[in-house]
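Coordinate analysis (summary)
Next come the chains, spelled out residue by residue.
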Amino acid sequence: MSRFLKLALLASTMASPLAAEPLGLGRPATPEEVAVWDIDVRPDGLGLPEGSGDVATGDGIYTEKCSACHGVFGEGAGRWPVLAGGQGSLTDARPVKTVGSYWPYLSTVFDYVHRAMPFGDAQSLTDDEVYAITAYLLYLNDEVDEDFVLSSENFTEARLPNEEGFVPDDRMEIEFPAFSKEPCMTDCKPEVEITMRAAVLDVTPEETAAKEAAEKAEAETTEPATEEAASDPTTEEAPAPEEATAEETPVEVAEAPAADPAMIKAGEKAFRKCKSCHQIGAKAKNRVGPVLNGIVDGPAGAVEGFRYSKAMEAAGEEGLVWSHDELSAFLADPKGYMKGTKMSFRGVRKEEDIDALIAYLRDASE
Amino acid sequence: MTEENHNGPSRRAFLTGAGAVAAGTLAGKASAETDPAIAIKPWMQELGDGVDVSPYGMPSPYEEDVKRRTVEWLTADPVSSINFTPIHALDGTITPNGVCFERHHSGVAKVDPAEHRLMINGLVDRELIFTMEDLMRFPRENHVYFLECAANSGMEWRGSQLNGVQFTHGMIHNVEYTGIPLRLLLEEAGVKTEGKWLLAEGADAAAMSRSIPMEKALDDCLVAFKMNGEALRPEQGYPVRLVVPGWEGNMWVKWLRRLEVGDQPWHHREETSKYTDLLDDGTARRFTWEMDAKSVVTSPSPQAPITHGPGPTVLTGLAWSGRGTIPRVDVTIDGGITWHKARMSGPSTPKALHRFYYDFEWDGSPLLVQSRAHDSTGYVQPTKDQLREMRGLNSIYHNNGIQTWAVDADGKAENVEIS
């Protein structure tokens, strides 16, 4: 046998292309060791730890550990990610990508909170705390009710609205044919005009900004529409509430013979979201938001001792009264209804919740 | 670099030198008097530093402006943020380690290599743990690859925004990696037949995780521990990182601690809520891994104006493709009425930066400068408007559109868009 053949035979016994012979480097990982690092969770539930958590518990943990950056209602403080709202905004000029509007799978929320949150204190949460926060984020996105309990049992039943919103990368099919034509080299167009200048926006860091160019540039404003972050593109600057109060003052509920008790009850549930900032009833005090006694059919911007936004003050002076219709419109989209309002709450999505809320506000004031 | 730690000329010497250079330029233009730079300078008379003054060498103090820069308003916090490679000031193709851009999601992990382990688990015959010493015993290879963040140029989707190629295109670097073919590590553990996906996970406080299809993992990925011959810098994943050639930078998991083999992707945060490309119709492309062919003129550019006036002028730039090499770059200086084939110079290897030049006689009139890359698959870099037509304005990621710099009669350049 030739030397070459011997070598070839030796090679074929040592390493087949399908399953190469291991070098024997490294050492076996024990199941206990794997468990320390292997905490990843998949959409099919693989990797989920045993456990459970409810919305109310999640509210408490969220307020304490998450709200400073993500806002009391998940609206995001400064440029920190917005977690709630934005449903239906993906085709808008300014989409708001949140757990409710964009994320495809709930497992992603659990996995990410579990591995990387709270920012600066990663992997400090217990499994049950992660379940509770995840449940609360579903609640903030109007996906579940306040009594919802998320657990390893029901986890994979929960679906996020945008699960079907993702498509495979089709650049090679769609874009490649359009972008692989031999391009023009001479006389490609009759003339050229400048249509937009970076100097107009003038957002380049000072140190190296083409300052002179900026000064030179025409004053006419191009669309200054580019406050888009490279990697954390939260575009809307939502003012953070001055104070996030976790105090829960018992609410006295008086009998309201005129209204539907079931509706009032539903309104009381819906009011949980409001309680972070507002109080109602005999012992109510102004907190982040004003006392709400008598708000329905009452004048806007009129609670004594509360510092309203200029917009709300002006509306009050102009005689705005919180009729059912006006209040409904405000609650559906506070910032859209009143530009400049201090109320950072993003709004109540369901009309029936708004009706219930107003019934409750009327009832609890009495 | 600070005044304390460099050993360059004194402040006074620096100022004198700078003044002399300026005066020399003026004198050269004004008359044929002797250039004051033609003199006996201090460095021609005095002894310089000995060999051990700077055991790890730093650039000349005159180059201290060549550094990474951030854009503060982009992100909420510098710990989860980005800075940019000063590509306007570099030449050739290799990026020096100290100026390779940084992107961290929870800051730079300070990893002690003695306490670092790489674990392989999941659908494998043998779940394994490697020390750094173990890894050094695998056969290793050297390859040059670019790493581009998927969000590079992402701020320019709606139009010209940042005046500087460092900011518009600086989320890229190109270094020579020394590493182990990922295939060898996976073979060591023995991937089960149903193992179609790999989860790569970092040891930082973000526990950065991305799903990678097995086909890519077995193709050209590396588990790298050196960059440009020396250990990875901490901000680039010391002691070991994943190299995923041609694919978006976020997948190149730094401080790599674990590889899990599975039968499905994990759909983690950085491959769902981030690094997916929202289209006009409200759907989003996911798993947009490959970086499309792209190029940019690095000089002249807003941070690198033409300072010498009319006459012979060097235009230069970078080009790259996640799908292969760059055999050709076209350059225009009149806003795309006429294009010229640029001169390519330097190595041409797949999924690595290429350097191009266009040497021309500037007549001193305003210029509209662009470059257009062709890659080895026949793909031609599109205009920004072509991309917008395909994807809308909210894609954020994968903006590889043609960049325009308007150069005025003084040689100053600005980021613009043209008709």
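Residues numbered from 1 in each chain as written. Chains lettered and ligands numbered in written order. Predicted model: local features only at pLDDT ≥ 70, side-chain atom pairs only at ≥ 80, totals over all residues.

Below, the discussion takes up the overall build of chain B. Counting secondary structure elements, chain B contains 7 helices and 23 strands. What you see for chain B is a C-alpha radius of gyration of 24 Å, in line with the 22 Å of a compact globule of 419 residues. Once the C-alpha set of chain B is aligned to its principal axes, its extents read approximately 80 × 55 × 40 Å. Counting over 419 residues, chain B shows a buried share of 53%. (Helix = DSSP H or I, 4+ residues; strand = E, 2+ residues; numbered from the N terminus. Rg over C-alpha atoms; globule rule 2.2 N^0.38 Å. Buried ≥ 20, exposed ≤ 12 C-beta atoms within 10 Å, placed from the backbone.)

Secondary structure summary: chain A contains 14 helices and 5 strands in total. The 366 residues of chain A split such that 37% are buried. In chain A, once contacts between residues fewer than 6 apart in sequence are set aside, the share between residues at least 24 apart is 60%. (Contact = placed C-beta atoms within 7 Å.)

To continue, consider the nonpolar core. By size, the foremost hydrophobic cluster in this structure holds 156 residues, and its most contacted members are Ile133 and Tyr136 of chain A together with Val223, Leu242 and Val243 of chain B. Ranked by residues supplied to this core, first place goes to helix H6 (residues 127-140) of chain A with 10 residues. Those residues in contact with isoleucine 133 of chain A, other than ones at most four positions away along the chain, are Gly58, Ile61, Tyr62, Cys66 and Val113 of chain A. (Core = buried A, V, L, I, M, F, W, Y, C linked by C-beta atoms within 7 Å.)

Take the domain arrangement of chain A next. By convention, interface size is frequently given as the accessible area that disappears when the constituent parts associate. All names here are of chain A. Parsing chain A into structural domains produces domain 1 (33-165) and domain 2 (261-365). Domain 1 and domain 2 are separated by 28 Å when their C-alpha centres are compared. If you look at the interface, domain 1 gives 9 residues, while domain 2 gives 7 residues. A class-by-class count of the residues in the side of domain 1 that touches domain 2 yields 3 nonpolar, 3 polar and 3 charged. (Domains from an automatic or database assignment. Nonpolar A, V, L, I, M, F, W, Y, C, P; charged D, E, K, R; others polar.)

Here we come to the interface of chain A and chain B. With 81 residues of chain A at the interface, the matching set in chain B holds 84 residues. Counting only elements with at least two residues in the side of chain A that touches chain B, the list comes to strand S1 (27-28), helix H2 (31-37), helix H5 (106-116), strand S4 (166-168), helix H7 (171-174), strand S5 (194-197), helix H8 (198-201) and helix H9 (211-216) of chain A. Counting residues per element, the side of chain A that touches chain B draws most heavily on H5 of chain A, at 6 residues. For the side of chain A that touches chain B, the per-class residue count stands at 44 nonpolar, 14 polar and 23 charged.

The next subject is helix H10 (residues 261-270) of chain A. Residues and elements named next belong to chain A. Residues Ile264, Gly267, Glu268 and Ala270 constitute the buried set of H10. Buried residues of H10, viewed axially, fall in a sector of 160 degrees; they line one side. In the core, the buried residues of H10 are packed alongside helix H14 (351-365). (Arc of directions from axis to C-beta.)

Residues and elements named next belong to chain B. Here helix H7 (residues 384-391) has its buried residues at Lys384, Leu387 and Arg391. Buried positions in H7, seen along its axis, are confined to an arc of 60 degrees and lie on one side of it. Residues of H7 that are buried make contact with strand S13 (277-278) and strand S23 (413-418). Positive phi shows up at glycine 392, right after H7, with a value of about 85 degrees.

Moving on, we come to the environment of valine 321 of chain A. All names here are of chain A. In this fold, valine 321 is placed in the loop between helix H11 (310-317) and helix H12 (324-332). C-alpha of valine 321 to C-alpha of isoleucine 295: the two residues are 26 residues apart in sequence and 8.9 Å apart in space. Among residues more than four places away in sequence, those in contact with valine 321 are Asp297, Pro299, Ala300 and Glu326.

Residue and element names in this part refer to chain B. The predicted model of chain B has a mean per-residue pLDDT of 93, with 92% of residues at 70 or higher. Predicted confidence for residues 1-30 stays below pLDDT 50, and this span has 25 contacts to residues more than four positions away or in other chains. Here the predicted complex scores 0.79 on pTM and 0.89 on ipTM. (pLDDT = per-residue confidence, 0-100.)

On to the packing of helix H3 (residues 55-65) of chain A against H6 of chain A. Residue and element names in this part refer to chain A. The N-to-C vectors of H3 and H6 enclose an angle of 95 degrees; their axes lie 7 Å apart at closest approach. Considered as vectors, H3 and H6 are oriented roughly perpendicular to each other. Touching Val55, Thr57, Gly58, Asp59, Ile61 and Tyr62 of H3 are Glu129, Ala132, Ile133, Ala135, Tyr136 and Tyr139, all from H6. Among the residues making up the contact of H3 with H6, the classes are represented as 8 nonpolar, 2 polar and 2 charged. (Axes fitted to C-alpha atoms, helices over the stretch in contact; angles between N-to-C directions. Parallel < 35°, antiparallel > 145°, perpendicular 65-115°, else oblique.)

Residue and element names in this part refer to chain A. Across chain A, pLDDT averages 81, with 80% of residues at or above 70. Residue range residues 1-18 is modelled with pLDDT below 50. Its contacts to residues more than four positions away, or to other chains, number 4 contacts. Low pLDDT, under 50, characterises residues 208-257; the stretch is placed with 108 contacts to residues that sit more than four places away or in other chains.

This next bit is on the sheet that holds strand S3 (residues 117-122) of chain B. The 6 strands are arranged S1(A)-S4(B)-S3(B)-S12(B)-S7(B)-S8(B) in an open sheet whose pairing can be described as mixed. At either end of the open sheet lies a strand with only one pairing partner, and these are S1 of chain A together with strand S8 (209-213) of chain B. When strand S7 (residues 197-202) of chain B meets S8 of chain B, the two strands line up antiparallel, connected through 5 bridges. When the sheet's bridge partners are listed, glutamate 201 of chain B is paired in S8 of chain B with serine 209 of chain B. (Pairing = 2+ DSSP bridges.)

Further remarks concern the environment of phenylalanine 155 of chain A. Relative to the helices and strands, phenylalanine 155 of chain A resides in the loop between strand S3 (149-151) and S4. Placed 110 residues apart in sequence, phenylalanine 155 of chain A and glycine 45 of chain A show a C-alpha to C-alpha distance of 7.3 Å.

Once that is clear, we can look at the sheet that holds strand S19 (residues 343-345) of chain B. Note on sheets: strands pair through backbone hydrogen bonds, and any given pair is parallel or antiparallel. Residues and elements named next belong to chain B. Pairing in this open sheet of 4 strands is antiparallel, and the strands run S15-S16-S20-S19 from one edge to the other. Strands at the two margins of the open sheet, each flanked by one partner only, are strand S15 (294-299) and S19. Going from strand to strand, the sheet's axes swing by 35 degrees on average, the running direction of each strand aside. Sheet topology places strand S16 (residues 311-320) next to strand S20 (residues 354-362); 9 bridges connect them, and they run antiparallel. Residue pairing across strands places proline 312 opposite glutamate 361, the latter belonging to S20.

Looking now at the pairing of S3 of chain B. Residue and element names in this part refer to chain B. The buried fraction of S3 amounts to 5 of the 6 residues, a majority that puts the element mostly inside the structure. Taken together, the 4 bridges between S3 and strand S4 (residues 128-131) define a ladder with antiparallel strand orientation. Counted as the bridge partner of leucine 118 is phenylalanine 130 from S4. In this antiparallel pair of consecutive strands, S3 and S4, the connection spans 5 residues. Sheet analysis places S3 next to strand S12 (residues 256-262), joined by 4 bridges and oriented parallel. Residue pairing in the sheet places methionine 119 in a bridge with arginine 258 of S12.

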